[in-house]
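Understanding the architecture of this molecule
Chain by chain, the residues run as shown.
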Amino acid sequence: MWWINRSDDNAFGIIIIVVQDSDSDNNLAPGAPGADARWSPGPKAGVGTALNCDSNVWFTIGHGILNEIYYPHVDTPSIRDMGLIITDGNDYFSEEKATTDSRVEWMEPGVPAFRVSNISRDGYYKIEKQVISDPKRNTVLQHTVFSALKSQPNDYRVYVLLAPHLGDMGGGNTAWIADFQGTPMLLAERDGCVLALACSTPFIKRSVGFVGVSDGWQDLQAHKQMTWQYQKAENGNTALTAEIDLSGPSNEFVLSLGFGTTADEATANALASLAENFDDVKKSYIDEWQAWHKTISQHSKAQLAKRDLTKISLSVLRSHQSKGATIGIVAGLASPWGYVQGDSGKIGYHAVWTRDMVESTGGLLAAGDHQQVREMLNFLEVTQRPDGHWPQNMWVDGTAYWDGIQMDETALPIMLVNLAYREQAITDDDITHFWPMIERAASYLLKNGPVTQQDRWEEDPGYTPFTVAAEIAALLAAADFADMQDQPFRANYLREVADVWHDSIDDWMYAAGTEWCKQFGVDGYYERIAPINTEQVTRTQNCVHVQNVPEASADMRAAHLISLDALALVRFGLRAADDPRIVSTVKIIDALLKIDTPSGTTWHRYNNDGYGEQADGSAFDGTGIGRGWPLLTGERAHYELSLGRKDEANRLQTSMEQFAGDSGLLPEQVWDSADIPEHELSLGRPSGSAMPLAWAHAEYLKLRRSLRDGRIFDLPPQTVQRYLVDETVSPRKAWRFNHKIRHIPVGKSLRIEVLASATVHWTNDNWQTVHDTKTIDTTLGMHILDIPSNELKADGQLKFTFYWHHADSWEGQDFIIAII
């Protein structure tokens, strides 16, 4: 017989005609392994979880239905989606996620329990849902009321369609039907993770099949009723389908989706939750969240805008936390453009990026949630690598996913400890406890900075204002903590390195005399620098050099990249907001990156950004066009507040609020071109990227706090005092293997910094006079030698090489620095 095969991933997908024989008496579903698996679209309208460790399920809502549900951890999606299909048994077919207009509302402010109302666009029916998770069990509950708007309820047939993606995989799932003590159920399993679906109104018919071939969608589209009742679909991309009995007087039912490590456990969770009164379970769920909100002392009292997202943002951040012995925060419970993402080579945002987690923790801290800060610091403590860095991203058990290293993700945890200490969320004793973590992180920065190995946007190595500013601020914070541990020698060295790097910012990243300077009428601007011919790791016979990067100069500028990252120089206290160099940079930022939309003003990350939808609105597939980021609107608002322009900062806060989806969730990106209705893209509204983005909600909470206090909440005081008030200037320049300076100005001393004990063999008169000087161990992973300025004669040269003590051998190469 003939039936329609719909694209698995998208309600608006291509329709293909397929021929397949059906035998409803066959026990096994045909068509293994089914179509390639896909995930749900990135934008969500709701995310939630019970606020305790007894319930280890996290749910999301999109297009009016349940999307990814995560179990047993917040980084492990275990279904793609679960929605309803409506037919009349003859010629009517409607899938609610594709053919209804949906509205999602929070049941209570800041409580991630949702009411969902779906009205079919043809006016035939209405579906009203309430979605929560059971605080006592690993179960998600959906209370549903079906209303016929034309004809009578009994004239329609209602079916549930569930796509299991257990263990973060669409492939390899096995589905089957079973009864438990007379209750008909649907189950699926993969690698020791099991789900079980039950209904308060017994299922009339059930079937399992392979997506795109023998699943219930195919059957219902072709026949408008269930004609297939397959008992098992083994090892593939499977789907579960059941008809819900609405023949009785009631048109409401509860779907209970339980999870467990065995079929018995999943079944028991589903049925036990179903046995309880839904309203009682809902009350327990809501009470927990409301009790937590009452513990937060710093909710903004001033209504600075029409749409206050404070409680929503707090709920989002808490809903992104893991549960158990260590608590981290994932970047987002969504997969950007998930409908084109499959099992191979994929990662959604349901992983921990250390940077995003630190920023999210800062958002909670800004709102007064001190309890969570210690939990996050514990997570950082146990996931830090022995050399002091954190993975680019990782699962909640600390296992690294990508193998990149981002220097800001080593700096920001130190800054978080500093911020938590200033906010009195941790004590002096806590600083002593966390000092080994701080010490290792600072050592890693010393040994590997200032060049970034990757920047905060996962881009190429080089110099970026955000990362360099974070490194400097972190070193100064670490110096204060070293003083607290009675380690003045280490503290002094940390500050000296910070000073050298601070003095070099303009050498590394300030461009002048370019075509843009002429075009925009400025003297210069800060930009991101990508070095040419960078060797990630260079090994010699005697020593391992982390990187071999040439000194920053005009020939290093592989591309002019303008980014709002430059504002970090102000946010982290290294430049005044009205510094002419910053003002000129902002002028170019606005000219190249600023976007005004009906919802408000936003900015691109940097020029020529390729992370976003294609020009025609199709999904990002490795290439695309970068779009506006609400997160950057918050960063720009902080800059405006630094300038004392509170009204403009308030306006930008309002922009952030208006960029949120209809239910108040902030997206990663907003669409910044003409509307493309077929891709659900509207100017100034969320794009197909991840929504919510935890970092965006954290930035919003920080902005609310900053506006309330009239000052930047997370501005480090050490940098402000040292560089803006005291105007500290370093008396030296530094040479290191990952940053070989080629010249030094007269009047500066030279510090040589290496990773191992050595004797420096040097001359300032072309080897007529030779000096052999042993390096000093800083005990922070660096060995240093200072050559005073009076040994560096104008227009002369310093030549040097190394004798490595641990290898008992010479470097075998001379290095030269010109004195100018």
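All values reported here derive from a predicted model rather than from experimental measurement.

Here we look at the overall build of the protein chain
Summing up its helical and strand segments, the protein chain has 18 helices and 35 strands in all. Scaling as 2.2 N^0.38, a compact globule of 820 residues should have a C-alpha radius of gyration of about 28 Å, and the protein chain matches this with 30 Å. Taken over the C-alpha atoms alone, the protein chain extends approximately 100 × 60 × 50 Å along its principal axes. Across the 820 residues that make up the protein chain, the buried fraction comes to 63%. With 70 positive and 109 negative side-chain charges, the protein chain shows a separation of 4 Å between the mean positions of the two kinds.

With respect to the side chain of H143
Relative to the assigned elements, H143 resides in strand β11 (residues 139–148). Reaching out from H143, the side chain makes a polar contact with the side chain of E252 at a distance of 2.9 Å. Setting aside residues up to four positions removed in sequence, H143 forms contacts with E128, K129, Q130, E252, F253, V254 and F278.

Regarding the side chain of D499
Within the secondary structure, D499 is located in helix α11 (residues 488–509). Apart from residues lying up to four places away in sequence, D499 is in contact with R722, Y723, T728 and S730.

Considerations on the packing of aromatic side chains
This model, assessed by the stated rule, comprises 34 aromatic pairs. Ring geometry for F737 against F815: centres 5.5 Å apart, planes inclined by 90°, an arrangement best described as edge-to-face. Of this pair, F737 sits in the loop between β26 (732–736) and β27 (743–744) while F815 sits in strand β35 (residues 815–819); the two residues are 78 residues apart in sequence, bridging distant segments of the chain. Take F815: its relative accessible area is 6%, and that puts it in the buried class. Seen from their ring centres, F802 and W804 are 5.1 Å apart, and the 20° between their planes marks the pair as stacked. We classify F802 as buried; its relative accessible area is 0%. On the basis of relative accessibility, which here comes to 0%, the residue W804 falls in the buried class. An aromatic cluster of three or more residues is present, and its members are W735, F737, F800, F802, W804 and F815. Sitting over the ring of Y124, K150 keeps its end group 4.8 Å from the ring centre. Lying over the aromatic face of W292, R318 brings its terminal NZ or CZ to 4.9 Å of the ring centre.

Let's talk about the nonpolar core
The biggest cluster of nonpolar side chains holds 215 residues, and the ones touching the most others in it are I244 and L255. Not counting residues up to four positions away in its chain, the partners in contact with I244 are L84, V158, V160, C199, T201, F203, I204, F253 and L255. Formed by 21 residues, the second largest nonpolar core is a distinct cluster that contains I752, V760, W804 and F815.

Brief notes about the sheet that holds strand β31 (residues 776–777)
If you walk across this open sheet you meet the 4 strands as β26-β28-β32-β31, and the pairing is mixed. One side of each edge strand has no neighbouring strand; the edge strands of this open sheet are β26 and β31. The pairing of strand β28 (residues 749–754) with strand β32 (residues 783–787) spans 5 bridges and is classified as antiparallel. Paired with L750 across the strands is I787, a residue of β32. Set on the sheet, α11 makes contact with β26, β28, β31 and β32; between it and β26 the angle comes to about 95°.

Some thoughts on helix α8 (residues 408–422)
The end-to-end C-alpha distance of α8 is 20 Å, a good match for the 21 Å that 15 residues give at a rise of 1.5 Å each. Backbone geometry just downstream of α8 places Q424 in the positive-phi region, at approximately 60°.

Considering the confidence of the model for the protein chain
Caution applies to low-pLDDT regions: their predicted coordinates should not be interpreted in detail. Of the residues in the protein chain, 91% reach a pLDDT of 70 or more, and the chain-wide mean stands at 91. Note on residues 1–25: pLDDT under 50 across the span, and 65 contacts to partners over four residues away in sequence or across chains. A low-confidence stretch, residues 299–305 (pLDDT under 50), is modelled with 17 contacts involving residues beyond four sequence positions or located in other chains.

Things to note about the pattern of salt bridges
Evaluation of the coordinates by the stated rule reveals 49 salt bridges. We note a salt bridge from E496 to R732, for which the minimum N-O separation is 3.9 Å. With E496 in helix α11 and R732 in strand β26, this residue pair connects regions lying 236 residues apart in the sequence. Assessed through its relative accessible area of 15%, E496 is described here as buried. Given the relative accessible area of 13%, R732 is considered buried. When the shortest N-O distance is used, the salt bridge between D579 and R581 registers 2.6 Å. Through salt bridges with shared partners, a single ionic network connects E359, R571, E699, K702 and D714.

Considering the sheet that holds strand β19 (residues 252–260)
Taken in spatial order, the 9 strands make up an open sheet running β8-β9-β10-β11-β19-β15-β14-β13-β17, and their pairing is antiparallel. Both outer strands of the open sheet, β8 (100–108) and β17 (232–236), are each paired with one neighbouring strand and no more. Between one strand axis and the next, the sheet turns through 20° on average, direction left out of account. Here 8 bridges tie β8 to strand β9 (residues 111–120), and the two strands are oriented antiparallel to one another.

Looking at the packing of α8 against helix α10 (residues 465–484)
It is at 8 Å that the axes of α8 and α10 come closest, and there the two elements cross at 50°. Viewed along their axes, α8 and α10 adopt a mutual orientation that is oblique. The hand of the α8/α10 crossing is left-handed. Only F466, T467, A470, E471, A473, A474, A477, A478, F481 and M484 of α10 make contact with α8, whose side of the interface consists of D408, A411, L412, I414, M415, V417, N418 and Y421.

Let's talk about unusual backbone geometry
In the segment running from A32 into P33, the intervening peptide bond is cis, with an omega of 0°. Put simply, Y71 and P72 share a cis peptide bond, and its omega is 0°. The residue Q181 is not glycine, and still its phi comes out positive at about 50°. Structurally, Q181 can be placed in the loop between β13 (173–180) and β14 (183–190). Relative accessible area serves as the criterion here: at 74%, Q181 is assigned to the exposed category. With a phi angle near 55°, E680 is a residue other than glycine that sits in the positive phi range.

Re the pairing of strand β4 (residues 58–62)
In regular strands, side chains alternate between the two faces of the sheet. Counting buried residues in β4 gives 5 out of 5 residues, a clear majority hidden from the surface. Going residue by residue along β4, you find W58, T60 and G62 tucked away on one face and F59 and I61 tucked away on the opposite face as well. The pairing of strand β3 (residues 46–49) with β4 spans 4 bridges and is classified as antiparallel. Opposite G46, over in β4, you have I61 as the bridge partner. Bridge analysis of β4 against strand β5 (residues 65–70) gives 4 bridges, and the strand direction is antiparallel. Across the sheet, G62 pairs through a bridge with I65, a residue of β5. The turn linking β4 back onto β5 is made up of 2 residues, and H63 within it adopts a positive phi angle of 55°.

Conventions we followed
- Residues numbered from 1 in each chain as written.
- Predicted model: local features only at pLDDT ≥ 70, side-chain atom pairs only at ≥ 80, totals over all residues.
- Heavy atoms only, no water.
- Helix = DSSP H or I, 4+ residues; strand = E, 2+ residues; numbered from the N terminus.
- Rg over C-alpha atoms; globule rule 2.2 N^0.38 Å.
- Buried < 20%, exposed > 50% of the residue type's maximum accessible area, 1.4 Å probe, protein only.
- Lys, Arg positive; Asp, Glu negative; His and termini not counted.
- Charge placed at Lys NZ, Arg CZ, Asp CG, Glu CD.
- Polar contact = N/O pair within 3.5 Å; in protein donor to acceptor, adjacent residues only side chain to side chain.
- Contact = heavy atoms within 4.5 Å.
- Phe/Tyr/Trp six-rings, centres within 6.5 Å; stacked < 30°, edge-to-face > 60°.
- Lys NZ or Arg CZ within 6 Å of the ring centre and 35° of its normal.
- Core = buried A, V, L, I, M, F, W, Y, C linked by side-chain atoms within 4.5 Å.
- Pairing = 2+ DSSP bridges.
- Axes fitted to C-alpha atoms, helices over the stretch in contact; angles between N-to-C directions.
- Expected span 1.5 Å × (residues − 1).
- pLDDT = per-residue confidence, 0-100.
- Salt bridge = Lys/Arg side-chain N within 4 Å of Asp/Glu carboxyl O.
- Parallel < 35°, antiparallel > 145°, perpendicular 65-115°, else oblique.
- Left-handed = near helix turned anticlockwise from the far one by under 90°.

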